[in-house]
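So you can see what is in the structure, the chains are spelled out below.
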Amino acid sequence: RVGDKLITPDTDPEWESHYRFLSYDEFVETKTGICWDYTNYARHVFLKNHIPFKQYFMMCEVPGYMTHTFVLCDYEDDQVVLVESAFKEIDDMIGGIKVFDNFREATRFIASMMFSLDSISSKVSSFKYDVIEFHGHPQYHSTGKEYVEWMYERDENEVVYQSTATIEEYHKFKEEMSAG
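Even after reading the chapter, I still don't get the overall build of the protein, so can you show me in this structure?
Each helix and strand counted, the protein has 8 helices and 6 strands in total. Starting at the N terminus and ending at the C terminus, the protein contains elements arranged as α-α-α-β-β-β-α-β-α-α-β-α-β-α. At 16 Å, the protein has a C-alpha radius of gyration in line with the 16 Å of a compact globule built from 180 residues. Principal axes of the C-alpha set define a box for the protein whose edges measure 40 × 40 × 30 Å. Looking at the 180 residues of the protein, the share that counts as buried comes to 44%. In the protein, once contacts between residues fewer than 6 apart in sequence are set aside, the share between residues at least 24 apart is 57%. Put simply, the protein shows about 10000 Å² of open surface, and 48% of that area lies on carbon and sulfur atoms. Averaging the positions of the 17 positive and the 33 negative side-chain charges in the protein gives two centres separated by 2 Å.

What's the story with the pattern of salt bridges in this structure? I'm lost.
Counting across every chain of the model gives 5 salt bridges. A salt bridge links Glu169 to Arg108; the shortest N-O distance between them is 2.9 Å. With Glu169 in helix α8 (residues 167-179) and Arg108 in helix α5 (residues 103-113), this residue pair connects regions lying 61 residues apart in the sequence. Its relative accessible area of 14% is what places Glu169 among the buried residues. Among the ionic pairs, Lys145 bridges to Glu149, the shortest N-O distance being 2.8 Å. With a gap of 4 residues between them, Lys145 and Glu149 both fall in helix α7 (residues 144-153), about one helical turn apart.

Sorry, what's going on with the side chain of Asp37 here?
Mapped onto the elements of the fold, Asp37 is located in helix α3 (residues 35-48). The buried charged residue Asp37 lacks any salt bridge partner; its closest oppositely charged side chain belongs to Arg43, at an N-O distance of 11 Å. Once residues lying within four places of it in the same chain are set aside, the contact partners of Asp37 are Tyr19, Arg20, Phe21, Leu22 and Phe27.

Sorry if this is basic, but what is going on with the packing of α5 against α8 here?
Helix-helix packing is described using two parameters, namely the angle between the two axes and the distance between the axes. In contact at an axis separation of 8 Å, α5 and α8 are set at 110 degrees when each is read in the N-to-C sense. In this view, α5 runs roughly perpendicular relative to α8, as classed from their interaxial angle. Along its contact with α5, which presents Glu105, Arg108, Phe109, Ser112 and Met113, the element α8 presents Glu169, Tyr170, Phe173 and Met177. Its residues placed into classes, the contact of α5 with α8 shows 5 nonpolar, 1 polar and 3 charged.

Reading guide: rules and limits
Residues numbered from 1 in each chain as written. Predicted model: local features only at pLDDT ≥ 70, side-chain atom pairs only at ≥ 80, totals over all residues. Heavy atoms only, no water. Helix = DSSP H or I, 4+ residues; strand = E, 2+ residues; numbered from the N terminus. Rg over C-alpha atoms; globule rule 2.2 N^0.38 Å. Buried < 20%, exposed > 50% of the residue type's maximum accessible area, 1.4 Å probe, protein only. Contact = heavy atoms within 4.5 Å. Areas by Shrake-Rupley, 256 points an atom, 1.4 Å probe, with all protein chains shown as cover. Lys, Arg positive; Asp, Glu negative; His and termini not counted. Charge placed at Lys NZ, Arg CZ, Asp CG, Glu CD. Salt bridge = Lys/Arg side-chain N within 4 Å of Asp/Glu carboxyl O. Axes fitted to C-alpha atoms, helices over the stretch in contact; angles between N-to-C directions. Parallel < 35°, antiparallel > 145°, perpendicular 65-115°, else oblique. Nonpolar A, V, L, I, M, F, W, Y, C, P; charged D, E, K, R; others polar.

Encoded structure:
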């Protein structure tokens, strides 16, 4: 927020100069944020309630840059649970929570959903992406640039998956979700 105005990367070309990573208390107080802030909120809630989880940061190689952070909880066997409330298109499709057969399936789903954003689907039909497992969080009030740098420069953070998302995969996931 800048004053009473809610800003996002899509509504404000100066977003980078305005955005700052929120603390848990700031997120609760303002009830607004981006996926980075939602993931930090989930981290706090899961730690408080002793729920095992892992945090991930996805960096997509598209014009400009596009990222998403998300939380996965282990379930049965290799299954994982995606808890999502920051990415509206995913939240609307899965109702906030979905069990996937494995980590790879969950991350491929999230990456393909990036095509639901006009800023990507109008520019590319595929893109490469990294998924980093991270621990803790960047310094509160970090800029977007500082947040991304922390993900790649911190020794404890590790790239755990790299792949390519395609618009065809997006349409396939969308069709599967609509059918069932």
